[in-house]
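# Overview (structure and organization)
Given next are the chains, with one letter for each unit.
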Amino acid sequence: MEQRKRLAIIGGGPSALFMFKQLVYANRKDLVIDIFEKKQQLGSGMPYSADGANDEHITNVSGNEIPELVISVGEWLQTAPKKMLQHFNITPQSYNDYKVLPRLVFGRYLQSQFDLLCAKAEEKEISHNIHFNSTVTDVIDHADQEIITIQIAGKKFLEYNYVIICTGHRWPQKMKANYPAISIRLTLRLSCKSKRMSR
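Its 21 residues give helix α4 (residues 103-123) an end-to-end C-alpha distance of 30 Å, which sits within 8% of 30 Å, the value for a rise of 1.5 Å per residue. Just downstream of α4, E125 is the residue with a positive phi angle, here 60°.

Moving on: the packing of helix α1 (residues 14-25) against α4. One can describe the packing of α1 onto α4 by two numbers: an axis separation of 10 Å at closest approach and a directional angle of 25°. By the angle between their axes, α1 is roughly parallel relative to α4. By crossing handedness, the relation of α1 to α4 is classed as left-handed. The segment α1 lies against α4, with P14, A16, L17, F20, K21, V24 and Y25 engaging L110, Q113, F114, L117, C118, K120 and A121. Split by residue class, the contact of α1 with α4 holds 11 nonpolar, one polar and two charged.

With 36 residues, the main nonpolar core has F20, I33 and F114 as its most contacted residues. Elements with a minimum of two residues in this core: β1 (5-10), α1, β2 (31-36), α2 (73-77), α3 (82-87) and α4. No other element matches α4, which puts nine residues into this core. Sequence-distant contacts of I33, defined by excluding residues within four places in its chain, comprise L7, I9, F20, L23, I126, S127, H128 and N129. If you look at the next biggest cluster of nonpolar residues, it comprises seven residues, including A8, I150, I152 and Y160.

Quick look at the sheet that holds strand β6 (residues 156-160) now. Read across the sheet, three strands follow the order β4-β5-β6 without closing on themselves; strand pairing throughout is antiparallel. With one partner strand each, in any of the chains shown, β4 (136-142) and β6 form the two edges of the open sheet. If you compare each strand with its neighbour and ignore which way they point, the axes differ by 20° on average. As paired strands, β4 and strand β5 (residues 147-152) are joined by six bridges and run antiparallel to one another.

Turning next to the sheet that holds strand β3 (residues 127-131). Strand order in the open sheet formed by four strands is β3-β2-β1-β7, with parallel pairing between adjacent strands. Where the open sheet ends on each side, the last strands, each with one partner, are β3 and β7 (162-165). The average angle at which neighbouring strand axes cross in this sheet is 15°, direction not considered. Those strands touched by α1 are β1, β2, β3 and β7, and its axis lies near 155° from that of β1.

As a further point, take the side chain of T59. Along the chain, the position of T59 falls in the loop between β2 and α2. Take T59: its relative accessible area is 5%, and that puts it in the buried class. Only 2.9 Å separates the side chain of T59 from the backbone oxygen of V61, close enough to count as a polar contact. The residues contacting T59, other than those within four sequence positions of it, are Y48, V100, L101, P102, R103 and F106.

Thresholds applied
- Residues numbered from 1 in each chain as written.
- Predicted model: local features only at pLDDT ≥ 70, side-chain atom pairs only at ≥ 80, totals over all residues.
- Heavy atoms only, no water.
- Helix = DSSP H or I, 4+ residues; strand = E, 2+ residues; numbered from the N terminus.
- Expected span 1.5 Å × (residues − 1).
- Axes fitted to C-alpha atoms, helices over the stretch in contact; angles between N-to-C directions.
- Parallel < 35°, antiparallel > 145°, perpendicular 65-115°, else oblique.
- Left-handed = near helix turned anticlockwise from the far one by under 90°.
- Contact = heavy atoms within 4.5 Å.
- Nonpolar A, V, L, I, M, F, W, Y, C, P; charged D, E, K, R; others polar.
- Core = buried A, V, L, I, M, F, W, Y, C linked by side-chain atoms within 4.5 Å.
- Buried < 20%, exposed > 50% of the residue type's maximum accessible area, 1.4 Å probe, protein only.
- Pairing = 2+ DSSP bridges.
- Polar contact = N/O pair within 3.5 Å; in protein donor to acceptor, adjacent residues only side chain to side chain.

Printed below as a string of structure tokens:
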């Protein structure tokens, strides 16, 4: 039996969720997939968790614009935690695919989809490992050896055949403080030329 290639996904937020979905649905049994997440939860990332959103923040897409995952938002709301739904004044009956959700609710939906994908990977016997509380601090490409090394927390080194970086947003506070607010005016000029087509 041919040895499986090793693939690392750095980050466990929404982009990692959709990448993992593609691998699972493609039935990639030829890979050993390791997902590294610096926090203790998958799916929501920064924009859809308490790290980047408050109760009043909503998603910028409605349900009908969300790419297909394991189950739809509407289906998930049927079994979503009642306490959470009450907190946001949401009922499964009041929701439709043309409505937007609070970001924190959508984050819970994404978390649930990651759990369902992991279960599907188990069913399909796709080898995968989730590494929580694992901050990747360096990625080193050894092109001559066709190996990529990643470093965890500045200490541990692991080797992979492929690495996909899905780290998403990062807004360091120390960087924000160094830049004054700047007003920028953008002008867009459109040039339209019409031609009369004759037969």
